[in-house]
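What the coordinates show
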Amino acid sequence: MYDGGALSTDDPFQRDQPEDHPTRTANVTVSAALLAEGHQAAGVQVCDLPVRDEECVTAHLKSSGTRPQCMLVAKDDLEAHFDVLKGVQIESYHLTLERDENGTKLARERYGQRPEPHSGDPIEAVHWHMSNARLLMEKDGFHATFVFLYCGDKIVQLGRLVFDSHGTKVLAFEKLADQMKAMKADGVVVSSESWFAKPTSTEEELGTLLFPPRDRLDRLEALTVYAATRDGRRAGQMALVTRGQDGQANCSDPQDVEYAVTHTLAPILRMWDEPARS
């Protein structure tokens, strides 16, 4: 840690110091030389910064158990994802938005004052999230993909996933799993508008989807809310969406669809299983 005194370097303009001065190390020498080069390039002969009166930064780490958000963003620069069929690279972006009080006020005027979740448990809160999703769908005619991350009984982060194909959807959920691992989130709720088609007998027998609902002629529009926790609990609800002649969306009463949770949240469930296999 630099204590404010002169640093020993090979720069003749620096103050002389004894050979055994503790700051005379290769790292400090290189750093000081770089600083000197920067000052010279900027035409600054004497630093005119105000005197530092804040406490020194220490090596103490708070027991937050999470990684800084910048580490999640920086990871995108170290990875590349490609669409093999199209031969193009898939770009991913991570944006952080600050709370907008004016936007919150407008939302309350449009949708009404919504109660807080009656329970911090993501499984028990599924019906609350579905109630909100149906309100948004019937008011706006569409519903984006929203995610709510839980640590214990608290929502620690909420966000929106944006994708335009099945490949980018898979990538978005892979990125979400990375974020949850970094935050040590142990619960998740995802609400979205999606296509639904009843699994065929063959698909039910194999436990997989041979034809995605979006490619089926008998597909139906639906709202879905899926929840999962690290301790193995799952829950899901679905409400079918019908359209009036004017395009007005109407949502049916929700039904339990826990079977679909594993397929949609596969990257997250796989991430939670990793410690158990190691």
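These remarks concern the structure in this document. Quick caveat: nothing in here was measured; it's all calculated off a predicted structure.

**Notes on the overall build of the protein**
- Within the protein, the regular secondary structure consists of eight helices and nine strands.
- Counting every position in the protein, which comprises 278 residues, the buried fraction comes to 29%.
- By sequence separation, contacts in the protein at least 24 residues apart represent 59% of the contacts at least 6 residues apart.
- Surface exposure of the protein reaches about 19500 Å², of which carbon and sulfur atoms provide 54%.

**Some points on helix α4 (residues 126–140)**
- Taking 1.5 Å per residue, 15 residues should reach 21 Å; α4 reaches 21 Å between its end C-alpha atoms and fits that length.
- Within α4, burial applies to Val126, Trp128, His129, Met130, Asn132, Ala133 and Met137.
- At the C-terminal side of α4, Gly141 shows a positive phi close to 85 degrees.

**With respect to the packing of aromatic side chains**
- Tallied over the entire structure, the rule returns zero aromatic pairs.
- The positively charged end of Arg219 is found above the aromatic ring belonging to Trp195, 3.9 Å away from the centroid.

**Considerations on the pairing of strand β3 (residues 145–151)**
- Here β3 lies mainly inside the structure; five of its seven residues are buried.
- Here β3 runs beside strand β4 (residues 154–161); their pairing, made up of seven bridges, is antiparallel. Its bridge partner lying in β4, Thr145 is registered against Leu161.
- Following β3, the chain reverses through two residues before pairing antiparallel with β4; Gly152 in that reversal takes a positive phi of roughly 65 degrees.
- Pairing analysis gives five bridges linking β3 to strand β5 (residues 187–196), with the strands arranged antiparallel. Its bridge partner lying in β5, Leu149 is registered against Val188.

**Thoughts on unusual backbone geometry**
- We note that Lys184 has phi near 60 degrees; this positive angle belongs to a residue other than glycine.
- Among the structural elements, Lys184 can be located in the loop between α5 (166–183) and β5.
- Residue class for Lys184 comes out exposed when judged on its relative accessible area of 54%.

**So, the nonpolar core**
- In terms of nonpolar packing, the biggest core is built from 25 residues, with Leu176, Met180, Val188, Leu265, Ile268 and Trp272 touching the most fellow members.
- Every element with two or more residues in this core is listed here: β3, α5, β5, β6 (220–229) and α8 (266–277).
- No other element matches α5, which puts six residues into this core.
- Filtering out sequence-adjacent residues up to four positions away, Met180 remains in contact with Leu149, Ala185, Gly187, Val188, Ile268, Met271 and Trp272.
- Judged by nonpolar contacts, the second largest core, of 17 residues, contains Ala125, Tyr150, Val189 and Ala249.

**Digging into a nonpolar patch on the surface**
- Taken together, the side chains of Tyr93, Leu95 and Leu97 present a nonpolar region at the surface, about 480 Å² in accessible area.
- By the element assignment, Leu95 lies in the loop between β2 (88–90) and α3 (101–111).
- The exposure class of Leu95 is exposed, given its relative accessible area of 72%.

**Some remarks on the side chain of His129**
- Along the chain, the position of His129 falls in helix α4.
- For His129, a relative accessible area of 2% gives the class buried.
- When near neighbours in sequence (up to four residues on either side) are disregarded, His129 contacts Phe148, Tyr150, Val189 and Val225.

**Considerations on the pairing of β5**
- Counting buried positions along β5 yields seven of 10 residues, so the element is predominantly enclosed.
- Sheet analysis places β5 next to β6, joined by 10 bridges and oriented antiparallel. The partner of Glu193 across the bridge, within β6, is Leu223.

Rules and cut-offs
Residues numbered from 1 in each chain as written. Predicted model: local features only at pLDDT ≥ 70, side-chain atom pairs only at ≥ 80, totals over all residues. Heavy atoms only, no water. Helix = DSSP H or I, 4+ residues; strand = E, 2+ residues; numbered from the N terminus. Buried < 20%, exposed > 50% of the residue type's maximum accessible area, 1.4 Å probe, protein only. Contact = heavy atoms within 4.5 Å. Areas by Shrake-Rupley, 256 points an atom, 1.4 Å probe, with all protein chains shown as cover. Expected span 1.5 Å × (residues − 1). Phe/Tyr/Trp six-rings, centres within 6.5 Å; stacked < 30°, edge-to-face > 60°. Lys NZ or Arg CZ within 6 Å of the ring centre and 35° of its normal. Pairing = 2+ DSSP bridges. Core = buried A, V, L, I, M, F, W, Y, C linked by side-chain atoms within 4.5 Å. Patch = residues over 30% accessible without salt bridge, like charges linked within 9 Å, V, L, I, M, F, W, Y side chains within 5 Å. Salt bridge = Lys/Arg side-chain N within 4 Å of Asp/Glu carboxyl O.

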